[in-house]
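If you want the building blocks of each chain, they are given just below.
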Amino acid sequence: MHTIKIYHNPRCSKSRATLTLLKEHDVNPEIIHYLESPPTSEELKDLLQKLGMDIRELIRTSEPEYCELGLDDKSMSELIVFDIICKHPKLIERPIVVKGDQAIVGRPPENVLALLDD
């Protein structure tokens, strides 16, 4: 049995809804407050592999920091993008729920139910 983790922002309605949904399904996840404890570059790479995404797919483009930090420049190297995202975790799409070697972004929250079926 795998531990379920949620990269959670308590100020985000989707993150709160996802956490509630998990608890309604008798899941007591490990809660990672990623704004307080941002993932390292290696942890972020691991998350992306589990999500099957690249770094730019995980960025919240609606945040003001997206343009302010130049992330709208598609020629920016992936290494620099990783560095920026690790320093500004607010830009990470949320919530992310992880179970073993799989992860899902909880938008909509019901997406995470696919992890519970295994």
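Reference entry: report on the structure contained in this document. Computed from a prediction, not measured in an experiment: that's the story for all the values here.

**Comments concerning the sheet that holds strand E4 (residues 102–105)**
Consider a sheet: its strands pair through backbone hydrogen bonds, and that pairing is either parallel or antiparallel.
And step 1. Judged by pairing direction, the sheet is mixed, and its four strands sit side by side in the order E2-E1-E3-E4 without closing on themselves. On the outer flanks of this sheet lie strand E2 (30–32) and E4, each paired with one strand and no other. Taken over all neighbouring pairs, the strand axes of this sheet differ in orientation by 20° on average, direction set aside.
And step 2. Pairing geometry for strand E3 (residues 96–99) and E4, over four bridges, is antiparallel. Paired with Ile96 across the two strands is Val105, which belongs to E4.
And step 3. Contacts between helix H1 (residues 13–24) and the sheet are confined to strand E1 (4–7), E2 and E3, with E1 contributing the most and set at about 165° to the helix.
And step 4. Its contacts with the sheet put helix H2 (residues 41–51) on E1, E3 and E4, and the angle it makes with E4 is roughly 85°.

**Brief notes about the nonpolar core**
And step 1. Within the largest apolar cluster, 24 residues are counted, with the highest numbers of intra-cluster contacts made by Leu44, Leu58, Leu71, Ile85 and Ile96.
And step 2. Going through the elements one at a time, H2, helix H4 (78–87), E3 and E4 are the ones with two or more residues in this core.
And step 3. Element by element, the count of residues in this core is highest for H4, at five residues.
And step 4. Discounting chain neighbours no more than four positions away, the residues touching Leu71 are Arg56, Ile59, Tyr66, Met76, Val81, Ile84, Ile85 and Leu91.
And step 5. With nine residues, the next largest nonpolar core counts Ile6, Leu22, Val27 and Val97 among its residues.

**Description of the pairing of E3**
And step 1. The two faces of E3 match: Ile96 and Val98 on one face and Val97 and Lys99 on the other face are all buried.
And step 2. From the end of E3 to the start of E4, which pair antiparallel, there are two residues, and Gly100 there has a positive phi angle of about 60°.

**So, unusual backbone geometry**
And step 1. The peptide bond linking Arg94 to Pro95 adopts the cis configuration, its omega dihedral lying at -10°.
And step 2. Mapped onto the elements, Pro95 comes out in the loop between H4 and E3.
And step 3. Cis geometry marks the peptide bond from Arg107 to Pro108; its omega dihedral reads 0°.
And step 4. Within the fold, Pro108 resides in the loop between E4 and helix H5 (113–116).
And step 5. Phi at Asp26 is positive, roughly 60°, even though this residue is not glycine.

Parameters at a glance
- Residues numbered from 1 in each chain as written.
- Predicted model: local features only at pLDDT ≥ 70, side-chain atom pairs only at ≥ 80, totals over all residues.
- Heavy atoms only, no water.
- Pairing = 2+ DSSP bridges.
- Helix = DSSP H or I, 4+ residues; strand = E, 2+ residues; numbered from the N terminus.
- Axes fitted to C-alpha atoms, helices over the stretch in contact; angles between N-to-C directions.
- Contact = heavy atoms within 4.5 Å.
- Core = buried A, V, L, I, M, F, W, Y, C linked by side-chain atoms within 4.5 Å.
- Buried < 20%, exposed > 50% of the residue type's maximum accessible area, 1.4 Å probe, protein only.

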